[in-house]
Amino acid sequence: MQAVRIHRQGGPEDLVLEQAPYPTATVGDVIVKVHAASFTPDELQWPVTWIDRGGRDRTPAVPGHEVAGVVTEVGYGTTGLKVGDRVVGLTDRHRDGAAAEYVAVEARDLAVLPDEIDDVTGAALPMSGLTAWQALFTHGGLTAGQTVLVHGASGGVGALAVQLARDVGARVVGTGRERGRAVAEELGVELYVDLDRAAFEKLVGPVDLVFDTIGGDVLARSATSVKPGGTLVSISAPPPEQPTRGQAVYFIVEANRDQLAELASRTAAGRISPHVGAVFPLAETAEAFQAKRRGITGKVVLLVEPSAQTASRS
Ligand SMILES: NC(=O)c1ccc[n+]([C@@H]2O[C@H](COP(=O)([O-])OP(=O)(O)OC[C@H]3O[C@@H](n4cnc5c(N)ncnc54)[C@H](OP(=O)(O)O)[C@@H]3O)[C@@H](O)[C@H]2O)c1
């Protein structure tokens, strides 16, 4: 099969489209014929990109851990999915990813993709959707009537966090660069702070929940925006400061079939929609990894094999 692989620790320029072995479905796995895939731009910097769960070198590695496609094979003892099911999911970061014609995925990490959702939208959903869901609800405990400050509100994760928070009846304030304002405002933030021009601490808070997707200086300054009993959730690094009389949580997203099915159901119903910034063919994966440098915001999706449910996008 054709796959995008990287043979040594490096950057996007080291990604090559080449022939690779067809994956094996072990116990609990299915093989997914990939229609569309997506990735996190900095995943080539993750240690797990280069090693398996035993710490052994697993290069050449296939990147891209978000997949939308169809089940073509079911491994020994695997239940819950069957050949022909349209699926979406987050693949194991210690194993080969979905920038390929086929990928082996644990069935429990996949949910059925409703027919109303095209492959591009589906591939953009798992990482951003699950991260936003777990940040707001699992770790942040967000409920109706509360206020959340989302740093990076027009990004892949941030845009879904804004929509999920609004959907649950929370008030949302967003931050980011000026170029993200239109997207964030359209998604329903009550106030958007351009971080290059204003200090968010002076304009916002204290709030029930701060969800930081940016990190660095923004994260370091965020503890003071949390009100007593509130929470600071971060996904780029552990917060250097704990909020006074509040809590700080850093977490790494987990695959979760039930949450993914709920995200897919809300997407199918038009209640949320991942922000897709660009779509590239698989052969242009190296360029796709560098799309952010060209000013593209939101998720970048790789179109591997267009199916009937693939909407045309550019
Ligand atoms: N812990 C986890 O499980 C987990 C899961 C998913 C993602 N992540 C991490 O979370 C981060 C966000 O992921 P993502 O997919 O949402 O990325 P993304 O699509 O690039 O979104 C990041 C957002 O933050 C904005 N931003 C970044 N730096 C900024 C700065 N200095 N000032 C103002 N705005 C800034 C970006 O604006 P521009 O686009 O204009 O730069 C963009 O709107 C990444 O570091 C990713 O690796 C962690």
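**Focus: the nonpolar core**
Reasoning step 1: Core analysis: the biggest nonpolar cluster contains 46 residues, and Leu136, Val148, Val150, Phe211, Leu263 and Val301 have the highest contact counts within it.
Reasoning step 2: Of all the secondary-structure elements, those providing two or more residues to this core are β5 (86–90), α1 (119–123), α2 (126–139), β8 (147–151), α3 (156–167), β11 (207–212), α7 (257–268) and β14 (276–281).
Reasoning step 3: Viewed by domain, this core spans two of them, domain 1 (2–124 + 275–303) and domain 2 (127–250), each represented by three or more residues.
Reasoning step 4: Beyond its immediate sequence surroundings of up to four residues, Val301 is in contact with Ala36, Ala37, Ser38, Val120, Ala123, Ala124, Val276, Ala278, Val279 and Phe280.
Reasoning step 5: Of all hydrophobic cores here, the second largest spans 37 residues; its members include Ala3, Ala37, Ala278 and Ala286.

**Some remarks on the domain arrangement of the protein**
Reasoning step 1: By domain assignment, the protein separates into domain 1 (2–124 + 275–303) and domain 2 (127–250).
Reasoning step 2: Summarising the inter-unit geometry, the C-alpha centres of domain 1 and domain 2 are found 28 Å apart.
Reasoning step 3: Domain 1 puts 11 residues into the contact, and the matching count from domain 2 is nine residues.
Reasoning step 4: Of the roughly 810 Å² buried between domain 1 and domain 2 on both sides combined, carbon and sulfur atoms contribute 62%.
Reasoning step 5: Three residues stand out in domain 1 for area buried against domain 2, namely Leu90, His275 and Thr297, and they jointly supply 50% of the buried area on that side.
Reasoning step 6: Between domain 1 and domain 2 we count two residue pairs in polar contact (both at pLDDT 80 or more) in total.
Reasoning step 7: Among the residues forming the side of domain 1 that touches domain 2, the class breakdown is three nonpolar, five polar and three charged.

Rules used in this analysis
Each chain has its residues counted from 1, following the order in which its sequence is written. Local features in this predicted model are restricted to residues whose pLDDT is 70 or higher, and side-chain atom pairs enter the listing and the counts only when it is 80 or higher, whereas totals over whole chains, interfaces and linings include all residues. Excluding hydrogens and water, the side-chain values take into account all heavy atoms of the structure. Residues grouped as a nonpolar core are buried Ala, Val, Leu, Ile, Met, Phe, Trp, Tyr and Cys residues, joined through side-chain atoms within 4.5 Å. Classification of residues uses two cut-offs on accessible area relative to the type maximum, computed with a 1.4 Å probe and protein chains only: under 20% is buried, over 50% is exposed, and between them is partly exposed. Counting from the N terminus, the helices are DSSP H or I runs at least four residues long and the strands are E runs at least two residues long. Each domain's extent is set by a domain assignment, obtained either automatically or from a database. Note on contacts: a residue pair is in contact if any heavy atoms of the two residues lie within 4.5 Å. Each of two parts loses accessible area, computed with a 1.4 Å probe, when they are put together; buried area is these two losses added. Here a polar contact means two N or O atoms within 3.5 Å. Within protein one must be a hydrogen donor candidate and the other an acceptor candidate, and residues neighboring in sequence count only if both atoms are side-chain atoms. Side-chain classes follow a simple rule in which Ala, Val, Leu, Ile, Met, Phe, Trp, Tyr, Cys and Pro form the nonpolar group, Asp, Glu, Lys and Arg form the charged group, and the remainder, Gly included, forms the polar group.

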